[in-house]
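Structural overview for review
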Amino acid sequence: MQLYDMPDARGHFGQFGGTFVAETLVEALEELRIMYEKYRHDPKFLAEYAYDLKHFVGRPSPIYHAKRLSDKIGGAQIYLKREDLNHTGAHKINNTIGQALLAKRMGKPRVIAETGAGQHGVATATIAARLGLECVVYMGSEDVKRQAPNVFRMKLLGATVVPVESGSKTLKDALNEAMRDWVTNVHNTFYIIGTVAGPHPYPMMVRDFQAVIGIEAKEQMMEMAGRQPDAIVACVGGGSNAMGIFYPYIDVPNVRLIGVEAGGLGMETGQHAAPLTANSPVGVLHGNRTYLMQDADGNIIETHSISAGLDYPGVGPEHAWLKDIKRAEYVAITDDEAMAAFHNLCRTEGIIPALESSHALAHAEKMAKTMHKDQIILVNLSGRGDKDINTVAKLANITL
Amino acid sequence: MSRIQSVFATLKQQGKTALIPYITAGDPHPKHTVNLLHTLVKHGADMIELGVPFSDPMADGPVIQRASERALAHKVGLTAVLAMVKEFRQTNQTTPIILMGYANPIEAIGAVAFADRAKAADVDGVITVDYPPEECGEFVKELRARDIDPVFLLSPTTEPERVDLIVKQASGFVYYVSLKGVTGAANLDIIEVTKRVASIRGQTSLPVGVGFGIRDAATAKATAAIADAVVVGSRMVQVIEASTDENLLSNVAKLMDELKTAVDAA
């Protein structure tokens, strides 16, 4: 069997990925590509990364057998990979540590980041404080309003949060603005992208830093269940937590990989953030070629999801590739279905999941019903839901 | 010889530098665009860069972002822009039009169909900000097969080996972006630009245009002394933004007259 070996030297996953950037950024990306190639297998760099994952983040994150939830649904056994237990409360920190250590080695005293829900911004601000780096986070002004607690956390950690007023004032616009900052300050600035999108080498590099999720899971499943799961389910916005758990399993036969996109108000309404499920056209945005929600003129259309972290019109190019080669499957879960799964996990297992992760949980519940009791679904519980309590309260008409 | 090439050849004989204003199609309103194009020509534009509005203009500063947003509010996309060029061509067959924009509107149509439609509208050149030469080989082939010039940007960070790679793909001219950063950013370092332009000339016989940071007669004149073309973008768009329906054309004409005098005096 031929082992999976993607992307190619210039960051292509088949027709997807690549380096679609203005000439002003080409040199900076080339420098990053060379430095990442140099350090990705460097024992000292990897040891430092592993040390921080263990002592600062608290890895390995456990796998938990959600027995009461499984019994309640009455089908396959549901296991949870507990990324919600990481320091800062989500998988995002795995990646920001890797990139910040690289920034240090490249002699860049300033890091910038884009953020939607604020989890990646918090994770970046956290590692910047830990390493003594200046930190600027770009966040759509709509998201600044929706995610006030995370804005405050970033400020406590010493970061500057810049509200972005252009375009739809959400995640994609924050990414545009971070790119503009980077192009202007490239001499002293490292751009920490939070997902498996952006120009090469970001999709590959972020995947590699998140792959620790799947690498751990492979060992832990053997310990806990004596075998690998029948299916792995993870939510997909840009797709970093999903890539992190999928990647080490790509070459493992008989493990289904299922990415769950945000179905918003329903696929039929067009008010969603699910380019793979919707069979959106292929296009170029934020430095890579991928499936993109767009109008006939090629302008990006506004997306909708209850979860700010999934509210993105594109998807990482490797997911586009995995869909095309049929190694992974992609489905959508609506706002309402995700909310139901959110409450279900709270009440049956005593875990408050992030709304993003609730999409994966909702799909796992659907699947479990159709499977046998001795089958296993592993859900990547990518983050905890504390950040979402205001959104949930508002939807349930509860005044906090 | 393409229209762009022949304009540069004529100006060279006259010892002159080309003045290339930039406007975003559909800004401030689509009804003005063709009139604006004719006004630019009447007041000294040797060629025109016509911006194709895009929802996510990553390489542009706030001035040109706002122009894109104004145009998109009136649903001006690539198809509408091509129709505007066609209309302009009904009474002007001599001034080159260079479309400037981002890859995705082209991807949405497809490289071959775009090249066909650009040719049908009589477009002369295309600058695609986020198509570096490594990613657009097929696209360049389709353009050149139709005598449309693919124009590429060179930046202060572009290494000489890369300049070689880029000038092999480019035709018409190359466009040196005189600043790090986005469009509309601060000051132009004319000494640095002079050095870089001289170095680029050592690697190609293509004309060299310079843009980013040219905002008045003084910077236009200084740039004209060393470049084959001077591109004025954000300043032009600022004047458009500050105008009313009534004084739009006269304000643009006034800025063009100042710039033309400065460029010709270099």
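Residues numbered from 1 in each chain as written. Chains lettered and ligands numbered in written order. Predicted model: local features only at pLDDT ≥ 70, side-chain atom pairs only at ≥ 80, totals over all residues. Heavy atoms only, no water.

Points about helix α12 (residues 248-265) of chain B
Helical periodicity: at 3.6 residues per turn, an α-helix aligns residues three or four positions apart in one direction. All names here are of chain B. Basically, it comes down to this: Labels follow the DSSP assignment, with helices taken as runs of H or I lasting at least four residues and strands as runs of E lasting at least two, numbered in each case from the N terminus. A helix is expected to span 1.5 Å for every residue after the first. Burial classification: accessible surface area is computed with a 1.4 Å probe over protein chains only, and a residue below 20% of its type maximum counts as buried, one above 50% as exposed, and the rest as partly exposed. Two residues form a contact once any of their heavy atoms are found within 4.5 Å.
In this model, α12 (18 residues) spans 26 Å end to end at C-alpha, consistent with the 26 Å of a helix rising 1.5 Å per residue. Among the residues of α12, those classed as buried are Leu248, Val252, Ala253, Leu255, Met256, Leu259, Lys260, Ala262 and Val263. If you follow the buried residues of α12, they end up packed against β1 (18-24), α2 (30-42), α10 (217-224), β9 (229-232) and α11 (234-241).

Topic: unusual backbone geometry
At the junction of Met6 of chain A and Pro7 of chain A, the peptide bond is cis and its omega measures out at 0° in the coordinates. Among the structural elements, Pro7 of chain A can be located in the segment before β1 (12-13). In this structure, the amide linkage connecting Asp27 of chain B to the following residue, Pro28 of chain B, adopts the cis form with an omega of 0°. The backbone of Asn279 of chain A shows a phi angle near 50°, a positive value even though the residue is not glycine. Position of Asn279 of chain A relative to the elements: it lies in the loop between β10 (256-264) and β11 (282-285).

Concerning the packing of aromatic side chains
All names here are of chain A. Short version of the rule: Think of it this way: a Phe, Tyr or Trp ring, Trp meaning its six-membered ring, pairs with another when their centres are within 6.5 Å, and the plane angle makes it stacked under 30 degrees, edge-to-face over 60, tilted otherwise. Two limits define a charge over a ring: the Lys NZ or Arg CZ must be within 6 Å of the ring centre, and within 35 degrees of the ring normal.
As enumerated under the stated definition, the model contains 15 aromatic pairs over all chains in all. Both rings, one in Phe16 and one in Tyr291, keep their centres 5.2 Å apart while their planes meet at 40°; by these two values the pair is tilted. Of this pair, Phe16 sits in strand β2 (residues 16-20) while Tyr291 sits in strand β12 (residues 287-291), and the two are 275 residues apart along the sequence. Both residues of the pair, Phe16 and Tyr291, count as buried. These aromatic residues form a ring-pair network of at least three members: Tyr36, Tyr39, Phe45, Tyr49 and Phe209. When the ring centre of Tyr249 is taken as reference, the NZ or CZ atom of Lys218 above it lies at 5.9 Å.

Observations regarding helix α14 (residues 355-369) of chain A
When the terminal C-alpha atoms of α14 of chain A are compared, their 22 Å separation across 15 residues agrees well with the 21 Å that a helix rising 1.5 Å per residue should span. Taken across its 15 residues, α14 of chain A has 13 buried, putting it largely inside the fold.

Section: the pattern of salt bridges
Note that side chains of opposite charge can pair when their charged atoms are close. All names here are of chain A. To keep it simple, the criterion reads: For this document, the term salt bridge refers to a Lys or Arg side-chain nitrogen within 4 Å of an Asp or Glu carboxyl oxygen.
Applying the stated criterion to the full structure yields 42 salt bridges over all chains. In this structure, Arg256 engages Glu329 in a salt bridge whose closest nitrogen and oxygen atoms are separated by 2.7 Å. Of the two residues, Arg256 is situated in strand β10 and Glu329 in strand β13 (residues 328-334); the sequence distance between them amounts to 73 residues. A relative accessible area of 41% means that Arg256 is categorised as partly exposed. Owing to a relative accessible area of 33%, Glu329 belongs among the partly exposed residues under this scheme.

Concerning the interface of chain B and chain A
The extent of an interface is frequently quoted as the accessible surface area lost upon association of the parts. Heads up, the rule is: Simply put, the buried area is the total loss of 1.4 Å probe accessible area from both parts when two parts are fitted together. Whenever two N or O atoms come within 3.5 Å, that pair is a polar contact, provided that in protein one can donate a hydrogen and the other can accept it, and provided that, for residues adjacent in sequence, both atoms are side-chain atoms. Note on residue classes: Ala, Val, Leu, Ile, Met, Phe, Trp, Tyr, Cys and Pro are nonpolar, Asp, Glu, Lys and Arg are charged, and everything else, Gly too, is polar.
Contact with chain B, which involves 39 residues of that partner, is made by 34 residues of chain A. Taking both sides of the interface into account, the surface hidden between chain B and chain A amounts to around 2800 Å²; carbon and sulfur atoms contribute 48%. In this assembly, chain B and chain A are joined by three salt bridges. Here chain B is connected to chain A by 18 residue pairs in polar contact (both at pLDDT 80 or more). For the side of chain B that touches chain A, the element with the most residues is helix α5 (residues 103-109) of chain B, which contributes five residues. Per-class residue counts for the side of chain B that touches chain A are 19 nonpolar, nine polar and eleven charged.

Some points on the sheet that holds strand β7 (residues 160-164) of chain A
Residue and element names in this part refer to chain A. In plain terms, the rule: At least two DSSP bridges between two strands are required for those strands to pair. Every axis corresponds to a line fitted to the C-alpha atoms, with the helix fit spanning only the stretch in contact, and the corresponding angles, defined between N-to-C directions, vary from 0 to 180 degrees.
In space, the four strands of this open sheet follow the order β7-β6-β5-β8, with parallel pairing throughout. Since the sheet does not close on itself, it has two edges, and those belong to β7 and β8 (189-191), each with one partner. Neighbouring strand axes in the sheet, compared pairwise and without regard to direction, differ in orientation by 25° on average. Bridging between strand β5 (residues 110-115) and strand β6 (residues 134-140) involves six bridges; their strand directions are parallel. When the sheet's bridge partners are listed, Ala113 is paired in β6 with Val137.

What to know about the side chain of Asn299 of chain A
Locating Asn299 of chain A in the fold gives a position in the loop between β12 and α12 (317-324). Setting aside chain neighbours within four positions, we find Asn299 of chain A in contact with Met293 and Gln294 of chain A together with Pro53, Phe54, Ser55 and Leu72 of chain B.

Quick word on the sheet that holds strand β8 (residues 208-211) of chain B
Residues and elements named next belong to chain B. Pairing within the open sheet is parallel, and its nine strands lie in the order β5-β4-β3-β2-β1-β9-β8-β7-β6. For this open sheet the edge positions go to β5 (149-150) and β6 (152-154), each flanked by a neighbour on one side alone. Judged from the four bridges that link them, strand β3 (residues 97-101) and strand β4 (residues 125-128) form a sheet pairing that is parallel. Paired with Leu99 across the bridge in β4 is Val126.

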